[in-house]
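Working through the structure, step by step
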Amino acid sequence: MKLGQIFVLLIAVTLFAQTKEKKVMAQEADIPFQKFTLDNGLTVVIHEDHKAPIVAVNIWYHVGSKNEKSGKTGFAHLFEHLMFNGSENYDHDYFQMMEKIGATDLNGTTNEDRTNYFQNVPVAAFDVALWMESERMGHLIGAISQAKLDEQRGVVQNEKRQGENEPYSLAEDLIVKATWPAGHPYSWTVIGSMEDLNAASLTDVQDWFKGYYGTANATIVIAGDVDTKDALDRVKKYFGDIPAGPPVSRFESWIAKRTGTQRQSAQDRVPLPKVSKIWNVPGYGTRDAAALDIVSDILSSGKNSRLYKRLVYDDQIATDANAYVDIREIAGQFTIEAKAKPGVDISKVEKALNEELAKFLAEGPTQKELDRVRTQYFAGKIRGMERIGGFGGKSDILARSQTFGDSPDAYKSDLKYVESFTPLDLQKAAQTWLSDGVYVLTITPFAEYKAATAGADRKNIPAIGNSKDAEFPKIQKSQLFNGLAIWLSERKNIPVVGFNLQINAGAAADQFALPGTASLAMGMLDEGTTKRNSLQISEELAMLGTNLGSGSNLDMSVVSMNSLKANLDASLDIYADVILNPSFPDADFQRLKKQQKAGIQQEKVSPVPMALRVFPKLFYGEGHAYGNPLTGSGTEESVDKMTREDMIKFHQTWFKPNNATLVVVGDITMDELKSKLESRFKSWKQGEIPKKNIADVVIPKNSSVYIIDRPGSQQSLIFAGHLTVPKNNPDEIAIELMTNVIGGDFTSRINMNLREDKHWSYGASAFTMDARGMRPFIGYASVQSDKTKESILEMKKEFKEFISTRLMTEDEFSKVQNNMIQQLPGSWETNAAVSGTMGAMVRYGFDDSYPYTYVKKVRELKLADAQNAAKKTIKPDTFIWLIVGDRSRIEAGIKELKIGDVNYLDASGNSVK
């Protein structure tokens, strides 16, 4: 939702930055691996990474929606769900075990070409992960019952309904059917049609599994704190006796290049017109596909890109303009798209897109454009190699390369292509793929395989070994001469340094300004300074391979930067300039003001943002710092009233060194850091800061109900909640645990009820929206419209029983408690994760011992503590219920419940009849 043994990539890129002359950037990227093929055909790739006591287990099956047949679509995705529902020897939901062992980065996904399952687990639970994965590979068929098929069919159909409930969602189905010829493997969507899902029989599903899920059609990648020989032996033990499966026929290439122009129009409930332009192009591993990837970045990556500069910055006719490639196994697609600004004819936007593309085809890119994008490309690849698992981690890279390129280091070809490209190469590739293509079919013999005669014990789950406790890196504290607090965690695993300046402002600061001021002001920080304009900032950062961003949460405004160590000085010059000297150019202010207003219009037609805009007024009332829309964007009326002077005032009011903490994580010492910061922030002066009103709020004694009408909605969004204690409170760990049991984890009570048992919803949950002051505790579900009344009853029943007749059990408590402990090693793997924890300490005022005593406090927690926390926190009879849906379909049922006075609001939270 899309590395050869001791692989060394040396990248030499000439930089022409206006800040410092860094002419050459050389980086080494190593992903050592060993590859093996078992006797039964299973491909095994192992990479050792000992920086954290975790291991990634990542399995790719070479089967996706393109292996389906017309009339039987959606099978690959449906089967992804079925494979989470237990096996012949483990009759429980897969997540039950994964949560128990502390798995992180846990998921399963399906696309056109492959299905994958992955998780990071503590080293002590490695055998459990292998046992579970081998169970569903080799011991699933007997566990697929009609009841499980019907259950997961309902879940998938709700997932489909939820996707189709979003603005612009109909575009996917129209594009798929129009761009691929009938019968092409990509001519249907991955999720399939409702008709095909309804028609899928138990025999169909079982035959599908037998045809594609054997060992010879799979690759398993093990990455992390393992020994290669030992890991291979374990894989043989658990997977060696599983059959290879039948041979699978595949297309190697079918580009289906088109000629001429096809045009189609459709209507949808969206705030802005949108135009998309799509070409069929070559697939994975081809030189032209790599070239078109770089072309797309030149066209739309960054403020200096051609489409952004023309349509968004200069002409100001679009809210966004994008180009991207979707490179699949046998073909790809190149897309250019843009949304028109309010009042702009979409034909004008399309004309500008055509002109920019025509100019590129005629003249090609400049060397400077190529250098900028190439630097960003390699910087991104280097950063991606920090993580062992999850989307885009090292195990993902190795698995993708092996599955589609027949070698774990196949992606090396793309890197070499990118390194060698000239402007003329990119121009020729773009010219070629606006014309014809070719279809080729070849058939190769299937190798003979045999399964081992013996394997792992299938009657007993392997014991979990002794876990290593997660160790949070040391935090060093200091301050500059002007009082700016410095928090540093020194980590040398990659040559990168990350900065997060935490300003005590956030959306709550809008109490002293027009709603949305903090969001717009922070969005403007990099739009120009007294030394640089917006495009100069963007280009200098791109040439340095540096990422810089700014924004706000409820309590804090944040300016972040991530820099390669080699380019840190030049990057810090820009960082300090953006923080200290924003100029808030009027032209950019007017442009971003329109974009923020367009964003508000988008929020007001999307169910979840719509609810988040309305809830604060119901919770906090007037005069509270948290009373504005939780999206932070403000209102259309407040944005209309904003002036450039409001931006300047926000910066002058809140940007004070005595109101900030700089969190730094990466390859730098405190002495180095302070010497670099002192000179750059010497002009920053202290000052007085307004005090935000985040005082306690009285919780109403009775429930109330609010309905926002969204005609035509296939689902109803249900929010139910009230305020509870701030994040920094003595019972917080107990609150975290009990929230996971009732609604935070996949196997939580309300999700298992509404999704897995009733299959009325794709997902239901409960959570707290963390804040310094009192914060919302919310139950959430997006349910099919005809089950709105029943879903509300089930949610209220679950919450009431949780604090009265059906208290948390010892099993529930122990599972979640263990999961909270076991998942920490993976939670602190990356620099960004460490920075996030430190940022939370700043935001909520946690004491210095917080990350070092967390595990101990979780271990010492008792069942009674969590039960008491639930009783103190959850008050179902005082819930404010907010339902977004088709009023004509849900109103009568909601009134029948008599859970509170029923009120009606519009998308802005105003009362209506």
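Each remark here, short or long, concerns the structure printed above.
Description of the structure in this document. Model, not experiment: these values are computed from the prediction. (Residues numbered from 1 in each chain as written. Predicted model: local features only at pLDDT ≥ 70, side-chain atom pairs only at ≥ 80, totals over all residues. Heavy atoms only, no water.)

Another aspect to go through is the side chain of S538. Here S538 lies in helix α17 (residues 534-544). Judged by relative accessible area, S538 falls into the buried class, the value being 16%. One polar contact links S538 to N304, side chain to side chain, over a distance of 3.3 Å. Every residue in contact with S538, bar those within four places of it in the chain, is listed here: G302, K303 and N304. (Helix = DSSP H or I, 4+ residues; strand = E, 2+ residues; numbered from the N terminus. Buried < 20%, exposed > 50% of the residue type's maximum accessible area, 1.4 Å probe, protein only. Polar contact = N/O pair within 3.5 Å; in protein donor to acceptor, adjacent residues only side chain to side chain. Contact = heavy atoms within 4.5 Å.)

The next point concerns the pattern of salt bridges. For the structure shown, the criterion picks out 66 salt bridges. One salt bridge connects R328 with E112, and the closest N-O pair in it is separated by 3.7 Å. Residue R328 is found in the loop between β13 (318-327) and β14 (332-340), and its partner E112 is found in the loop between β8 (104-110) and β9 (115-122); the two are separated by 216 residues along the sequence. The pair formed by R328 and E112 is uniform in burial state, with each residue classed as buried. A salt bridge links D314 to K309; the shortest N-O distance between them is 2.9 Å. We classify D314 as partly exposed; its relative accessible area is 42%. (Salt bridge = Lys/Arg side-chain N within 4 Å of Asp/Glu carboxyl O.)

Before going further, it helps to spend a moment on the pairing of strand β26 (residues 880-885). Most of β26 is tucked away: 6 of the 6 residues are buried. Side chains of β26 alternate between two faces, with I880, L882 and V884 and W881, I883 and G885 buried alike. Bridging between strand β23 (residues 715-724) and β26 involves 5 bridges; their strand directions are antiparallel. Counted as the bridge partner of G721 is I880 from β26. (Pairing = 2+ DSSP bridges.)

We now examine the environment of D510. By secondary structure assignment, the location of D510 is in the loop between β18 (496-503) and α16 (517-523). Given a relative accessible area of 4%, D510 falls into the buried group. Between the C-alpha atoms of D510 and G634, which are 124 residues apart in sequence, the distance is 8.8 Å. Apart from residues no more than four positions distant in its own chain, D510 is found in contact with P515, G516, T517, A518, N628 and G632.

Right, let's get into the sheet that holds β8. The 6 strands lie next to each other as β5-β6-β10-β7-β9-β8, forming an open sheet whose pairing is mixed. With partners counted over all chains shown, the strands left at the sheet margins are β5 (34-37) and β8, one partner each. Going across the sheet, the axis of each strand differs from the next one's by a mean of 15°, ignoring polarity. In this structure, strand β7 (residues 54-61) lies alongside strand β10 (residues 218-224), joined through 7 bridges in antiparallel fashion. When the bridges of β10 are listed, V57 appears paired with I222. Across the face of the sheet, helix α1 (residues 75-82) comes into contact with β8 and β9 while running at roughly 150° to β8. In the packing of helix α13 (residues 394-405) onto the sheet, contacts are made with β5, β6 (43-48), β7, β9 and β10, and the angle to β7 comes to roughly 25°. (Axes fitted to C-alpha atoms, helices over the stretch in contact; angles between N-to-C directions.)

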